Amino acid sequence: MFEYAPAPESRSVVDIAPSYGLFIDGEFVSPASSGGVFKTVNPATEEVLAEVSTAGPEDVDRAVAAARRAAGPWSALPGAERAKYLFRIARIVQERSRELAVLESLDNGKPIRESRDVDLPLAAAHFFYYAGWADKLRHAGFGDNPRPLGVAAQVIPWNFPMLMLAWKIAPALATGNTVVLKPAETTPLSALFFADVCRQAELPPGVVNIVTGAGETGRTLVEHAGVDKVAFTGSTEVGRQIARSVAGTRKRLTLELGGKAANIVFDDAPIDQAVEGIVNGIFFNQGHVCCAGSRLLIQESVYDEVIEALKRRMATLRVGDPLDKNTDIGAINSAEQLARIRTLSDIGAEEGAERWSPPCELPAQGFWFAPTIFTGVTQAHRIAREEIFGPVLSVLTFRTPAEAIEKANNTPYGLSAGIWTEKGSQILAVADKLRAGVVWANTFNKFDPTSPFGGYKESGYGREGGRHGLEAYLA
Amino acid sequence: MTATTTSRLSDLSDSSFSLRSFLHGLPGVDKVGVEARAAALGTRSVKTSAKAAAIDLAIRMVDLTTLEGADTPGKVRALSAKAVRPDPADPGCPGVAAVCVYPAMVPVAAEVLRGTGVHLASVATAFPSGQAPLDVKLADTRDAVAGGADEIDMVISRGAFLAGRYDHVFDEIVAVKEACGSAHLKVILETGELGTYDNVRRASWLAMLAGADFIKTSTGKVPVAATLPVTLVMLEAVRDFRARTGRQVGVKPAGGIRTTKDAIKYLVMINETVGDDWLDPDWFRFGASSLLNDLLMQRTKIATGHYAGPDYFTLD
């Protein structure tokens, strides 16, 4: 066997401070007495990386006030001036992308090849893309005098910390809003690094504020009376609470929530490429992807062939040290998430689905879960209905295109879907009937700043990315 | 794999209709997908001990090739000597898999290679165009085998393939295979002229059904030679073919592979798509002329910690 020697990326390229304050009004500040501190750990080793501050109500007040003070002058800048700052941020993110990629992999557990080759290039691309819109808002199709909303409260998840930050901050700033962003409590480091990027770009104080903390900090932020707009990406459960708290206020709201995407393989699909797409659909980022293709629907006539090829391919996935450049699957982000994945997988086995993982040795320290597929799954299984948010694939079958569409749509969610077939007319016909925000054809999990992204039903509302992404930040 | 499957597959050649139906019924190849997969495999980081092992394996897989109109016996003798002993400074350096020459040069190379374990390959069958009558191709093949070649690299008639005359291509391969006797037959698809990955997969299956021992990408005489995605499609074809028939067929990318870095990408691709069984000179070859010296240079770098200039390695 051709064994690859370890090829670890050096963690010395990035400095991690022992403790971090909050980024408010252009400065790192200590939290007020109402706050506290929490630790962020490397999920691959359980090593404590840094102590991070919990923002309490007073801190959130200060951050929102700073954003409010900055909002007037920032929105009054000509679009081309705001664009300059965004371009500058984009370039700094590119220049410092190696540091950021290592930091992201350390804090999140994702493989360096994904943070380096996917997350960071896309994050920079979002800033570049929205920088381009900043002076063209009147031509975006939202009236001839689109106005910013004011202060945006943004709460982002732990699966793509830097990329979600870019998705949120870039369009908000381009449209003349100021922001208070709360990163997830398990992955705050790249957002705090980004605070330094803002200083390096000489962004006016208060335009971007970063408050760290857990759910309570997020709740304080979205419920704050001084906020004009709430943007949330995360679980459907929290999304529901936010929708309730925002209901009846003048605040605008966009939600990007969970998903249980169907990935449909027709019998005329390019099998080898479909298998790659299935793998990319569910094992990319350890399956911590809201649009992951977690329900595989295979046409019965090619079922055996696809499953055999999929298992063969899964056996080549390399699970382990996220900083090794050859690692395909890294660590599960937290002990809590690992427990959830285990619980749901055990339920799958108990309900009679057949569980399979390739032989693979998992590290003793840290949070790990082997790539897993369940065959013999039906619509009645919980693993076919609930979002697992981990490297676990449920495989179902179908006989006709109509049945595939029916099963694909039979879910409370509707974020994404995939179609695999060599027949162009089939792609168009099926895509038209799938109730999902994104439908990929002969590919999966591909993102681009020019392409809007968002959901149907319990996957949330509003669109991020593309021209449509501007709308959520304009009056 | 069953005997019935094998005989059913061989029945395919009975009519051009069934052969065509079979080849066009193979799963399609998505261009974007296969190119993305090949590019992703190319990003593996192969360092230190893994790199050293890969370099030695790659050297053992080289078909050291000279296919110039200007080839002389002197040139072929020099190349053959180098094939046996690639690095005179290091007796631990393995020899290459084979020397590949035009049929006229076979007796010259045979003299040097006899008893060394290095195979002797010859490009017969009106290489590189394949545009000659079948009897000329067969005579070419028999000459090369009689002269001492134990591997024959034949070209398919791309014209006939592209015109959809699959049975014609099939019959030619069968006839050449027969003329090879005990020599191994490598069938050159000239993928740069086939236009699509679907055609590459069909041509691979066609060659294997007709009895090819190896399928090879290119002659090295057209602008587009071996590429990673094309080789990936061919590897998938030999893997699927073995799963259906039980017969293993080798793969040989040729043309344009010049650096150690490139060669390692191919080894990674084998490792992660068809696996161990093909990581062997019996089942995978590099058709190359300049690759060897780069492999030797990198090999010395690993051993000594510094790069030696080109003059520290032999010309061929």
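Along every chain, residues carry numbers that run from 1 in the direction the sequence is written. Working convention: letters from A go to chains and numbers from 1 go to ligands, in the order in which they are written. For a predicted model such as this one, the threshold for reporting local features is a pLDDT of at least 70, and the threshold for listing and counting side-chain atom pairs is 80 or more; totals across whole chains, interfaces and linings nevertheless cover every residue. To obtain the side-chain values, all non-hydrogen atoms of the structure were included, while hydrogens and water were left out.

A. Representation of empty space enclosed by the protein. Every definition here rests on a 1 Å grid over the protein atoms only: cavities are sets of points where a 1.4 Å probe fits but cannot get out, pockets are open sets enclosed by protein on both sides within 12 Å along at least five of seven lines, and lining residues have some atom within 4 Å of a point. Grid points are joined across faces, edges and corners, and a volume is the space filled by probe spheres set on the points. All told, the structure shown has five cavities of 30 Å³ or more when counted by the stated rule. Approximately 170 Å³ is the volume attributed to the largest cavity. As for the largest cavity, its lining consists of 16 residues, of which D272, E276 and R313 of chain A together with E236 and R239 of chain B are closest to the centre. Starting at the N terminus, helices and strands are each numbered in turn, a helix being any DSSP run of H or I of at least four residues and a strand any DSSP run of E of at least two. Looking at the lining of the largest cavity element by element, the count peaks at four residues for helix α9 (residues 271–283) of chain A. Three categories are distinguished: nonpolar for Ala, Val, Leu, Ile, Met, Phe, Trp, Tyr, Cys and Pro, charged for Asp, Glu, Lys and Arg, and polar for the others, with Gly belonging to the last. Here the residues of the lining of the largest cavity are counted per class, giving four nonpolar, four polar and eight charged.

B. Spatial organisation of the nonpolar core. Core analysis: the largest hydrophobic core is formed by 112 residues, its most contacted members being F127, F194 and V208 of chain A. With eleven residues, helix α5 (residues 161–174) of chain A is the single largest residue contributor to this core. Among the domains, domain 1 (19–257 + 459–472) and domain 2 (262–441) of chain A are the pair contributing at least three residues each to this core. Only heavy atoms matter for contacts: two residues are in contact if any of them lie within 4.5 Å across the pair. F194 of chain A has contacts with I89, V93, F127, M162, L165, I169 and V208 of chain A, leaving out every residue within four places of it along the chain. Counting residues in hydrophobic clusters, the runner-up holds 101 residues, among them V29, F161, I264 and F313 of chain B. In this text, buried Ala, Val, Leu, Ile, Met, Phe, Trp, Tyr and Cys residues form a nonpolar core when linked through side-chain atoms within 4.5 Å. Each residue's exposure class comes from its accessible area (1.4 Å probe, protein chains only) as a fraction of the maximum for that residue type: buried when under 20%, exposed when over 50%, partly exposed otherwise. All the domain ranges listed were derived from an automatic or database domain assignment.

C. Molecular detail of helix α9 (residues 166–180) of chain B. Residue and element names in this part refer to chain B. Helix span is expected to be 1.5 Å times the residue number reduced by one. Spanning 15 residues, α9 covers 21 Å between terminal C-alpha atoms, matching the ideal 21 Å at 1.5 Å per step. Buried within α9 we find Y166, V169, F170, E172, I173, A175, V176, A179 and C180. Where α9 is buried, its residues meet α2 (16–24), α7 (134–146), β4 (151–155), α8 (158–162), β5 (184–188) and α10 (197–209). Note on α9: the residue one or two positions beyond its end, G181, has a positive phi of about 65°.

D. View of the UniProt feature "active site" (unreviewed entry) in chain A. Residue and element names in this part refer to chain A. UniProt positions are given in the numbering used here, feature names are shortened, and annotations may be inferred rather than shown by experiment. The positions UniProt marks with the feature "active site" (unreviewed entry) are E256. Along the chain, E256 turns up in strand β10 (residues 252–256). E256 has contacts with F232, T233, G234, L415, F453, G454, G455, S459, G462, R463 and E464, leaving out every residue within four places of it along the chain.

E. Spatial organisation of helix α7 (residues 215–223) of chain A. Within α7 of chain A, the full set of buried residues consists of T217, G218, T220, L221 and V222 of chain A. Of the surrounding secondary structure, the elements contacted by the buried residues of α7 of chain A are β5 (47–54), α1 (57–76), β6 (151–155), β7 (178–182), β9 (229–233) and α8 (236–246) of chain A.

F. Structural detail: the pattern of salt bridges. Salt bridge, as used here: a side-chain nitrogen of Lys or Arg that lies within 4 Å of a carboxyl oxygen of Asp or Glu. One pass over the structure, following the stated rule, counts 48 salt bridges over all chains. Here R44 of chain B ties to D328 of chain A by a salt bridge, and the two come within 2.8 Å at their closest N and O atoms. Taken together, the residues R44 of chain B in the loop between α3 (31–41) and α4 (48–60) and D328 of chain A in the loop between α10 (303–314) and α11 (335–350) connect one chain to another. Residues R44 of chain B and D328 of chain A agree in their burial class; the two are buried. The residue E236 of chain B makes a salt bridge to R201 of chain B at a minimum N-O spacing of 3.0 Å. In this pair, E236 of chain B is assigned in helix α11 (residues 228–245) and R201 of chain B in helix α10, connecting sequence segments 35 residues apart. Residue E236 of chain B is classed as buried on the basis of its relative accessible area of 6%. Judged by its relative accessible area of 3%, R201 of chain B falls in the buried class. Residues participating in the shared-partner salt-bridge network are D63, E151, D153, K186, K216, K252 and R285 of chain B.

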